[in-house]
Structures are given as C-alpha cells and as structure tokens.
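Chain by chain, the residues:
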Amino acid sequence: MTEFLQQLVNGLEWGSIYALIALGYTMVYGVLRLINFAHGDVYMIGAMVSYYAARKLAAASISMGGLQFPILLALSMIACAALGALIERVAYRPLRKAPRLSVLITAIGVSLLLEYGGQLLFGADPKFFPELIPNAPLFTFDGVTINRIQCLILAISLLLMLVLRFVVMKTKVGKAMRAVSFSHTASQFVGIDVDRVITVTFLIGSSLAGAAGVLVALANPKIDPLMGIMPGLKAFVAAVLGGIGSIPGALLGGYLMGLAETFVVAYISSTYRDALAFVLLIAILLLRPSGLLGKAIKEKV
Amino acid sequence: MKTLSRFFCLLTLILSATACQKSENVLLIGEYGSLTGGTATFGQSSHKGTQLALDEINAQGGLLGKKVKIITEDDQSRPEEAKTAVLKLIKQNGVISVLGEVASSRSLAAAPECQKAKIPMVSPASTNPKVTEVGDYIFRACFVDTFQGEAMAKFAFNTLHAKKVAVLKDIKNDYSVGLDEFFEKTFKDLGGEIVGVESYSEGDIEFRAQLTSLRSKTPDAVYVPGYYTEVGLIARQARELGITVPLLGGDGWDSAKTLEIGGKAVNDCYFTNHYASDDPSPTVQGFIAKFKKKYGETPDAMAVLGYDSAGILFDAIKRAGSGDPAKIRDALATTKDFPGVSGNITMDENRNAKKRIVVLKIENGAVTFSEAMNP
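These figures come from a predicted structure and were not determined experimentally.

What chain B contains, in helices and strands, is 13 helices and 14 strands. Against the compact-globule benchmark of 21 Å for 375 residues, chain B has a radius of gyration of 22 Å, which places it among compact chains. In terms of overall dimensions, chain B has C-alpha extents of about 70 × 55 × 40 Å along its principal axes. The buried share of chain B, reckoned over its 375 residues, is 56%. Within chain B, contacts between residues at least 6 apart in sequence are counted, and of these 68% link residues at least 24 apart.

Structural data, given as structure tokens:
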C-alpha cells in the first residue's frame, strides 16, 4: 500500500506538469483549431531562460534569499508568454485563412526551429540546473515521502490552474476567449477583437508552459534543448485524452497521463514509459475521439 | 549543364587526389570519442590523455623516424556516429590504427568496421567482453566486465556485508546490461540475494517509479551500473525518496560530473574503477602532475586509459618496426608487462588487459581509494 501511495505521489507530480502544458495545447486549439506543436519547445525555453538567469544571478553574486525561485519563475513565464505571442504573430497569423494543413506544417517547422536553434544557441550538451531550493522530505507518513519540490510543483500548478479558471470564467477576456472558441465570425459580430483574444490565449498558454519548464528543471535538474519533445507529445496526448478544446479536459488528461505513466513504469516495465502515451492516443481516438470530457459534435452534412 | 557537370567532375578529381595523398613522413592514427553529447566527459577525458601521450612521443622524435599524427573524430555519444567516424578515419584518412572508444556500445558499433578493414583498434576503456570478441584486430587497454561485476559483488558481500541488493540498470546500454549480469551471477554464487531488478533508458530523467519499487524491497545496497549522467540524478532521487543505503556502481561513474550532478546524494557510495587518484605510486602521481600541468585538472580513469591505450599502441608500432597494420596487430597481441599508469598491462589470449581493479568510495564530495583486487 505504501508503495502504491508513493507511486501516486510521483504520478501527481508529473501529472501537474503535463496538465500545465496540456492547458496551452487545449486553449490554442479552442481558439484556432490548431495543434501548436511548438508548445513543447516553449516549455524547454522556459527551463533554459531560468537556467541562464539563475547563472547570471549567481555570477553577479546577487542573492535574493528565498525570492530567487519566484523571480526566476516569473521571468520564465514572461519570457515564454512573449515567445508564444511572437510565434503566433509571425508564424500563425499570416496563415489564418490558409488550409489547416499549412498551419500544422508551420507549427512543426517552428518546433524544429526552436529545438535545433536551441542546440546551436545553448549547445547540445545537457545542462544542470542549480539547486535553488534544497530538496528535503517535507511530509513522511507511513513510509510515503513527499518532498519539498514535489509539494511546490503541486501547489504552484494548482494555483496557476485556479487563476486560469478565474480568468476564463469570471473576466471579460475569458469570456471573449470562450466566445472566439465558439465561433470567430459570431465573435466579430459582437465586437470582439479576435486577433487580440488569440494573442492573449497564446500569452497565457505559453506562460503556463514556461512555468512547467522551470518546475521540471527544479525537480529533474538535467535540461537540454531537446527536452521538450517527449513531454510536449505526452501533454498533447493528455489534451486529446481529456478532450481537446476543453480546459477541465486538459487537467484531467494531464493527471491521468502522469499517473498512468508512473504506474506503467512501476508495475510493468520502464521500457513502455513513452509507448504508453501513444497507446493511449490510439485508444482514445478509436474509442472516444472527442475525449473524455469533450462533447461529441454531430456535423450535419 | 554541360559546363556544370564538367566542373563537378574536375572538382571530384581534385578532391580525391588530395584525399589520397599519403604523407610519407607522418604516421596517421585515428581517434574517435564522445567529445559532445550525453557522455561528453568520457571522450573529452580520454582525448586529453591521448593528446598528452602524443605530445610526449613526438617530443621524443616520433616513431620509426616519423612524426605521429592523430586525427580525432567526435561521435557525439551516439553509436551510429561512432561507426561513421571510424569509416571516415579508415577510408578517407587512411589511418594505420584506431584508438577508441570509452563506451562499450559505441566500440561495438565501430569494431566490426575496423575488423573488416583489418585496422587494429585499441579501446581505452570499453569493458563489455563482446568488444574484443568481434575479431582479432580489436584490443582493449582495460579489464572486462566479467572481472568488474565479480569484483563489486565480492566487495558488496564481503566488505559491505550486504546480503540483499537491488539493481537499477540501463536497459539500452550494452555495458550496463552486461555488467549487471556478471554482478548478479557472482553475488548469487556468494550467497547473496538480488531482491529486485528495475531498468531505465539512457537519457531518462525520471527514476522515482523504479526507485519506489526497489525501496519497498528494503535492500542493503543498490547496484547502479550506468553512466554518470543518469547515476547523478538517480542518486538524488533515491535520497529524496528516503533510500539511505549505499549505491554501488562501475567505471561508468567515473567523471567529475557525477559529483557535480549528484552532490551530497552520492556520498557513501562505491564504484569500481581502473585507477585511484590518491594512489601513492610514483608512476601514478607523476602522471597526475604532468596532466595537471597541461590541463589544470586531476585526470579521471578515462584520461589515464586514453594515455595508456595510446602508450601501448605506440609501443606496439615500435616493436613492429613498421606502419603496416597487420604487423602492428601482431605486436599488440604480444604486449607484455607494459608499464601503464593504470597498472602493468599484458594482453591475454582474448586481447583483453589483465589488470587490477580498485574500489573507490565517494565521501564528503571527494573520491577516495577503498580497496584493490587482482585478477
């Protein structure tokens, strides 16, 4: 039982990360019907930005005490938000009227650009994130250990998700986002600036990916320019699992993905860790393509 | 179009002419290693050791009256690249011998090419027995994993009094899988129990699921026969999960990065290795002084073996009295009592070096000598 509970905790940690990244995928799909394949690499940029910022701070011997981590987190989130908005403006907006396939290919292109550009810029060798917060077991009960960083990841993820829920449900911008997901044309009729809403969506989604990047760098300190490929793909599967376009779906999918992965590695074999994501993708598309929380939309032809 | 194709023909001719040029007064030796990539310190260290040997031999006037030149290729820590690198060295540069690689998987990828081309290959640190089994042109300057796994099993059982050991191995790595096999066999023969075996893949960053599983079996020690990048992370996550027993490993742990990544988590851990930097022997200390003078850092085992592998190759060329690969191969096979920094090197009938092994302990952020075992 102890082992099971411990695996549960481990699974929730990665589940939070996948959920944060999946939110970005699902929101962009909601407003643009586009799978933003570059999203996983925005997550990587988040980790890299905080790595270099942390190094610069250390080199300048600026000690901020306990504030170092929140500042780096905020910095990465802002940097990634800017990057996301830039990608949207430069790569996706010009193709707004183009066939869906063109934008998809462009998204893959941006992804490759970030990955290999990152290799050139940062070097292909893995980097080791400095230990900003000394990790120590925070709670131990009955043999199950939850350490500080795991708590931090869960807490910050939940906080960000609550903030997002508030923004989407209770603010005008959120309402506009929901309207644009419903219909671009109708939104324009009621006076919503669709372009601006899309930019805001990218800003929010990418900042969440940036946050995920920093959290992962903290927990698993090895970072490299290709680190976003696998988590990006898995978060995409998670978003599809929960119902792409649905925010609660992304959350559900993310946590399910994290838990499933941990249990497969623990009880079956670690070799199937990555394979699981794809098995789940195939399964959900075959059995319930609209996802667990998605609505099956019937199209009248 | 006709001018273009004519131009290309001319270009090809010129290029092939220059490529075929064999300098008459230079001995060309190839070196391939992981200068970049996941296990970059392996290649970088062995390269530094080899370069030191090269500088020394040329300062002494070279070999057979000719200057020695080493052409280095980076395989980026990938086996496919190792094969390509070696093919380039043999076919394009026309080297008479090849030095490399540290990692067994990469040596295994390149060795068949060297064997096919009948160019001797001397691996500095690949310990998987399969490497020299590829053919009679493949040699190694180090011991093999049958000996290494056995040594750690004996150390764990006899010195650490561990009766139950759990294993976390790298399933995608020939070295790790092989080493674990030999360790388990000896440990079980001694009367110990392997309580759990989990695996990961090179490049993974998340090991908590496997470690949690092993934790529940309450082992006295955990054997992690992997490479330093993952070992550092595994140690950290193991400690975070409350696994306080010693972690044990092999020579894949040997890198300054293990301590950098692992930090406090790798304290009270042991690994088998080719040499100990606190060995008081004058040969070892003399080499460390030379290395420090040139590079400003203490050499790790890969650097020492890079130096020794170049050493035995140069010695073989001298004894062969010729730059003919077949004669060099024969001379390598009869290497006896070569005074290497990592010990006395004698080639046995399988072209493996018969040498002693040391067990090192990581304590308070430093690596210290614990025990030595002879074959």
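What follows deals with the domain arrangement of chain B. For an interface, size is often stated in terms of accessible area lost upon the parts coming together. Residues and elements named next belong to chain B. Parsing chain B into structural domains produces domain 1 (25-143 + 282-355) and domain 2 (146-273). Each of domain 1 and domain 2 has a C-alpha centre, and the two are 28 Å apart. With 16 residues of domain 1 at the interface, the matching set in domain 2 holds 17 residues. When contributions to the side of domain 1 that touches domain 2 are tallied by element, the ones reaching two or more residues are helix 4 (104-117) and helix 12 (301-320). Per-element tally for the side of domain 1 that touches domain 2: the top contributor is helix 4, with three residues.

Turning next to the packing of helix 1 (residues 2-32) of chain A against helix 5 (residues 148-170) of chain A. Residues and elements named next belong to chain A. Two elements in contact, helix 1 and helix 5, have axes separated by 9 Å at closest approach and are oriented at 35 degrees. Once helix 1 is placed against helix 5, the crossing between them reads as left-handed. Listed contacts from helix 5 to Val9, Leu12, Glu13, Ser16, Ala19, Leu20 and Leu23 of helix 1 are Gln150, Ile153, Leu154, Ser157, Leu160 and Leu164. Looking at side-chain class alone, the contact of helix 1 with helix 5 contains nine nonpolar, three polar and one charged residues.

Ala156, Val222 and Leu248 of chain B are the most contacted members of the largest nonpolar core, which has 112 residues in total. Tallying contributions element by element places helix 12 of chain B first for this core, with 13 residues. Beyond its immediate chain neighbours, meaning those up to four positions away, Ala156 of chain B contacts Ala162, Val165, Phe187, Ala221 and Leu248 of chain B. In this structure, Leu12, Trp14, Tyr51 and Val180 of chain A belong to the second largest nonpolar core, which totals 90 residues.

Residue and element names in this part refer to chain A. Where helix 1 meets helix 9 (residues 229-242), the axes come as close as 8 Å, and the angle between the chain directions of the two elements is 70 degrees. What the angle tells us is that helix 1 and helix 9 run roughly perpendicular. In this structure, helix 1 crosses over helix 9, and the sense of that crossing is right-handed. Together, Ile17, Tyr18, Ile21, Ala22, Tyr25 and Thr26 of helix 1 and Pro231, Gly232, Lys234, Ala235, Phe236, Ala238 and Ala239 of helix 9 make up the contact between the two elements. A class-by-class count of the residues in the contact of helix 1 with helix 9 yields ten nonpolar, two polar and one charged.

Here the focus is the interface of chain B and chain A. The partner chain A presents 22 residues to the 25 residues of chain B that form the contact. For the side of chain B that touches chain A, the secondary structure elements donating two or more residues are strand 7 (193-200), helix 8 (208-215), helix 9 (228-240) and helix 10 (256-262) of chain B. It is helix 8 of chain B that contributes the most residues to the side of chain B that touches chain A, five residues altogether. Here the side of chain B that touches chain A is composed, by residue class, of eight nonpolar, twelve polar and five charged.

What follows is about the pairing of strand 6 (residues 164-170) of chain B. Residue and element names in this part refer to chain B. Burial analysis of strand 6 places six of its seven residues in the buried class, the great majority of the element. Across seven bridges, the pairing between strand 6 and strand 7 is parallel. Across the sheet, the residue bridging to Leu168 is Glu198, located in strand 7. Pairing analysis gives three bridges linking strand 6 to strand 8 (residues 221-223), with the strands arranged parallel. Of the residues in strand 8, the one forming a bridge with Val167 is Tyr223.

Parameters at a glance
Residues numbered from 1 in each chain as written. Chains lettered and ligands numbered in written order. Predicted model: local features only at pLDDT ≥ 70, side-chain atom pairs only at ≥ 80, totals over all residues. Helix = DSSP H or I, 4+ residues; strand = E, 2+ residues; numbered from the N terminus. Rg over C-alpha atoms; globule rule 2.2 N^0.38 Å. Buried ≥ 20, exposed ≤ 12 C-beta atoms within 10 Å, placed from the backbone. Contact = placed C-beta atoms within 7 Å. Domains from an automatic or database assignment. Axes fitted to C-alpha atoms, helices over the stretch in contact; angles between N-to-C directions. Left-handed = near helix turned anticlockwise from the far one by under 90°. Nonpolar A, V, L, I, M, F, W, Y, C, P; charged D, E, K, R; others polar. Core = buried A, V, L, I, M, F, W, Y, C linked by C-beta atoms within 7 Å. Parallel < 35°, antiparallel > 145°, perpendicular 65-115°, else oblique. Pairing = 2+ DSSP bridges.

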